[in-house]
Amino acid sequence: MSTSKNFANKVVLITGSSGGIGAVTAVEFARYGAQVVITGRNADNLSEVAKQCAAVSPKSLKPLEVLADVSKDVDCKRLIDSTISAFKRLDILVNNAGKGVMSSISDTDILDKYNDIMDTNLRSVIYLTHLSVEHLEKTKGNIINISSVSGLSPSARGFLYCMSKCALDMFTKCLALELGPKGIRVNVINPAAVRTNFLQAVGLTKEQSEGFYSRLSGKYPVGRVGEPIDIANAILFLASDEASFVTGINFVSDGGNLNAP
Ligand code: NDP
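So, a few notes on the structure that sits alongside this text. Per chain, residues are indexed from 1 in the order of the written sequence. Thresholds applied to this predicted model are a pLDDT of at least 70 for local features of residues and 80 or more for the giving and counting of side-chain atom pairs; totals over whole chains, interfaces and linings are not thresholded and use all residues. Computation of side-chain values covers all heavy atoms of the structure but excludes hydrogens and water.

Considering the packing of aromatic side chains
Whether two aromatic rings pair depends on their centres lying within 6.5 Å, for rings of Phe, Tyr and Trp, where Trp uses its six-membered ring; planes under 30 degrees apart make the pair stacked, over 60 edge-to-face, and the rest tilted. Following the criterion strictly, the structure yields three aromatic pairs and no others. Look at Phe-7 and Phe-29: their rings are 4.9 Å apart centre to centre, the planes differ by 75°, and that puts the pair in the edge-to-face class. Highlighted residues: Phe-7 in the segment before strand E1 (11-14) and Phe-29 in helix H1 (residues 20-31), separated in sequence by 22 residues. There is no split in this pair, since Phe-7 and Phe-29 are both buried. In this description a helix means any DSSP run of H or I spanning at least four residues, a strand means any run of E spanning at least two, and both kinds are numbered starting from the N terminus. Buried, partly exposed and exposed residues are distinguished by accessible area as a fraction of the type maximum, computed with a 1.4 Å probe on protein chains only: under 20%, between the cut-offs, and over 50%, respectively.

In structure tokens:
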């Protein structure tokens, strides 16, 4: 096992790990020895990911499953409390849970949309980080936030999502300055399109979503859109000791597609 992928004795909490990028990331951390904590709102999906994690874990470690909605403060608190109660430590926090939204400044429910997207994509990260710092300081751990290329460039009908991710990027950079002296690294990954249920959660059908990814593939210099494992690999690298001199960066994983999406 290479040193970069040895997470034995590490406790890793991945939000939004009942599907998509978070689920694959949880399985990869489990494969390399971590005790993972998985969380989301869908219990069935969570159990399925738990089985996959236990199946690849070298010591058949069972993940801690916590049903939680990260847009609710009380759930965020319970998530960290459950983790510490079960394992007495936290080494790595992956703030991955997030959602997209189409928005127009003319939308009559624009403020409701604003609250919903910011609570899910940003407020949750701030609160989970607040709750985790004392534990990460003890383990000299690190935080990885999952942003988007949408945080780096604007898109029509996407200003709420773009703003939430742009703010997440700046939060990461500021926190890297504040937490560096405590021995905690903080980095952010900006993926371009990754084949998950993300677009279906925004309201597209499976067929529309697949069509979108097919059309985009030709536009990416590498000839394809991203897969969850591409982002999981980047997360594991940034979380590893081999990235110990890396903090406060935007790690852009976009297939060379400098013009989003
Ligand atoms: P998916 O929709 O496939 O998965 C999203 C995950 O987040 C699910 O596990 C979902 O679980 C969870 N989640 C969503 N809302 C909440 C909530 N309120 N509380 C708790 N869990 C929640 O999306 P991806 O895997 O693609 O997205 C992961 C991250 O990557 C997001 O932050 C997204 O913005 C970002 N990203 C994705 C890109 C893409 O093209 N796919 C591109 C760039 C960035 P459940 O439904 O069980 O609650």
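A look at unusual backbone geometry
Phi at Asn-9 takes a positive value of approximately 70°, unusual for a residue other than glycine. Turning to its location among the elements, Asn-9 is positioned in the segment before E1. If you check the backbone angles, Ser-60 has positive phi at about 50° while not being a glycine. Considering the arrangement of structural elements, one finds Ser-60 in the loop between helix H2 (43-56) and strand E3 (64-67).

A short note on helix H4 (residues 110-139)
In this analysis, the expected span of each helix is defined as 1.5 Å times one less than the number of residues it contains. Over its 30 residues, H4 runs 41 Å from end to end, which matches the ideal 44 Å to within 8%, given 1.5 Å per residue. In the segment just after H4, Lys-140 is the residue with positive phi, at about 55°.

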